[in-house]
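Chain residues, written in single-letter form:
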Amino acid sequence: MPRQIFQLTVSLAGVRPPVWRRVLVPGGYTLDRVHRVVQHAMGWRDCHLHSFEIDGLQYGEPDPDGELAVRDELDVRLDAVVGKGSRFHYTYDFGDWWEHDLLVEDVCSADPDERYPSCPQGERACPPEDVGGPSGYAVLLAALTDPAHREHWTMREWAGAGFDPDVFDATRATTLLRRLC
């Protein structure tokens, strides 16, 4: 039987203009590998805790102190918990609270001439780590686009000269995915 590939759209909730990625992921990936796919495709650095919510159940890295009640993401394959048309959620950084909406757009057979995972499409740069969640990102965008904004230069320096919120490079994201996932 050919390997199944899940086409997922990952959208960052609460952010305007939209930040999203389309990724192609083997259905046999466990959720910890899907976590890495989301991290690298979006542009996060995996510096914070995360969790998935699928059909009301939480999955993530088990908390040794038992304070977070999550099922172990290492034990769950993507194709065992979602199918075509499924919607689920991924939260990254419980301080900034970045919520991602995931939609399984399609499930198809793997193309033998392709390598997976990949990120063929997306829009806009991922917000910088520790910007303060969607509201902090809105402040950053306002400051960056208005040279008269009182925090323009501070935010420009903090975000770095190379940060352009309008730019996303799918080829670079795919290269990172193939190296790191």
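Thresholds applied
Residues numbered from 1 in each chain as written. Predicted model: local features only at pLDDT ≥ 70, side-chain atom pairs only at ≥ 80, totals over all residues. Heavy atoms only, no water. Disulfide = S-S within 2.5 Å. Buried < 20%, exposed > 50% of the residue type's maximum accessible area, 1.4 Å probe, protein only. Axes fitted to C-alpha atoms, helices over the stretch in contact; angles between N-to-C directions. Helix = DSSP H or I, 4+ residues; strand = E, 2+ residues; numbered from the N terminus. Left-handed = near helix turned anticlockwise from the far one by under 90°. Contact = heavy atoms within 4.5 Å. Nonpolar A, V, L, I, M, F, W, Y, C, P; charged D, E, K, R; others polar. Phe/Tyr/Trp six-rings, centres within 6.5 Å; stacked < 30°, edge-to-face > 60°. Lys NZ or Arg CZ within 6 Å of the ring centre and 35° of its normal.

(A) Quick look at the state of the cysteines. A complete count under the given rule lists zero disulfides for this structure. With no disulfide partner, Cys47 has as its closest neighbouring cysteine sulfur the one in Cys126, 11 Å distant. Residue class for Cys47 comes out partly exposed when judged on its relative accessible area of 45%.

(B) Representation of the packing of helix 1 (residues 31-42) against helix 5 (residues 170-180) within the structure. Close contact between helix 1 and helix 5 brings their axes to 8 Å; oriented N to C, the two are set at 150°. In the crossing of helix 1 with helix 5, the sense of the turn from one axis to the other is right-handed. Contacts from Arg36, Val37, His40 and Ala41 of helix 1 reach helix 5 at Ala173, Leu176, Leu177 and Leu180. Class assignment of the residues belonging to the contact of helix 1 with helix 5 gives a composition of six nonpolar, one polar and one charged.

(C) Expanded view of the packing of aromatic side chains. Overall, the coordinates contain five aromatic pairs when judged by the stated rule. With a centroid separation of 5.2 Å and an interplanar angle of 40°, the aromatic rings of Trp44 and Trp98 are classed as tilted. With Trp44 in the loop between helix 1 and strand 3 (50-54) and Trp98 in strand 7 (residues 98-109), this residue pair connects regions lying 54 residues apart in the sequence. A relative accessible area of 0% means that Trp98 is categorised as buried. A connected cluster of aromatic rings, assembled from ring pairs, spans Trp44, Tyr92 and Trp98. Lying over the aromatic face of Phe168, Arg21 brings its terminal NZ or CZ to 3.8 Å of the ring centre. The cationic tip of Arg33 hangs over the ring face of Tyr29; the distance from NZ or CZ to the ring centre is 3.9 Å.

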